[in-house]
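If you want the building blocks of each chain, they are given just below.
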Amino acid sequence: MRRWEYLTTPLIIHNTTAILNNFGYEGWELVQVVTGPEGGLVAYLKRPKADA
């Protein structure tokens, strides 16, 4: 069974592409972007968890 690890991070609106590209290079896949509790954007990412 594949196991996942997850990450949430705020997105700075003027630098969104660079932020997401950096996470993508590290193996993270964008799952969803939502409005955070204070009005900013929050990205939810996942990647396969390394075997322990």
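Caption draft 1: Here's a closer look at the packing of aromatic side chains. The final tally for this structure, using the stated rule, is zero aromatic pairs. In this arrangement the basic side chain of K46 is found over the ring face of W4, its NZ or CZ atom lying 4.1 Å from the centre.

Caption draft 2: Layout of the pairing of strand 2 (residues 29-35). Here six bridges tie strand 2 to strand 3 (residues 41-48), and the two strands are oriented antiparallel to one another. By the bridge assignment, Q32 is partnered in strand 3 with Y44.

Caption draft 3: Layout of the side chain of T9. By secondary structure assignment, the location of T9 is in strand 1 (residues 4-11). Residue T9 is classed as buried on the basis of its relative accessible area, which comes to 13%. Excluding anything up to four places from it in sequence, T9 contacts F23, L41, V42, A43 and L45.

Caption draft 4: Fine view of the pattern of salt bridges. By the definition in use, this model includes one salt bridge. The residue E5 makes a salt bridge to R47 at a minimum N-O spacing of 2.8 Å. Residue E5 is found in strand 1, and its partner R47 is found in strand 3; the two are separated by 42 residues along the sequence.

Caption draft 5: Structural view of the nonpolar core. Of all hydrophobic cores here, the largest spans six residues; its members are L11, I19, F23, W28, A43 and L45. Broken down by secondary-structure element, the contributors of at least two residues to this core are helix 1 (16-25) and strand 3. Among all residues touching A43, those that are not within four sequence positions of it are L7, T8, T9, L11, L20, L30, Q32 and V33.

Caption draft 6: Main features of the sheet that holds strand 3. Strand order in the open sheet formed by three strands is 1-3-2, with antiparallel pairing between adjacent strands. Each edge of the open sheet carries a strand with a single partner, namely strand 1 and strand 2. Geometrically, the sheet is characterised by an average inter-axis angle of 20° between neighbouring strands, direction not taken into account. Contacts from helix 1 reach strand 1, strand 2 and strand 3 within the one sheet, and its direction differs from that of strand 1 by about 160°.

Cut-offs used in this document
Residues numbered from 1 in each chain as written. Predicted model: local features only at pLDDT ≥ 70, side-chain atom pairs only at ≥ 80, totals over all residues. Heavy atoms only, no water. Phe/Tyr/Trp six-rings, centres within 6.5 Å; stacked < 30°, edge-to-face > 60°. Lys NZ or Arg CZ within 6 Å of the ring centre and 35° of its normal. Pairing = 2+ DSSP bridges. Helix = DSSP H or I, 4+ residues; strand = E, 2+ residues; numbered from the N terminus. Buried < 20%, exposed > 50% of the residue type's maximum accessible area, 1.4 Å probe, protein only. Contact = heavy atoms within 4.5 Å. Salt bridge = Lys/Arg side-chain N within 4 Å of Asp/Glu carboxyl O. Core = buried A, V, L, I, M, F, W, Y, C linked by side-chain atoms within 4.5 Å. Axes fitted to C-alpha atoms, helices over the stretch in contact; angles between N-to-C directions.

By themselves, these figures tell us nothing about what the structure is for.
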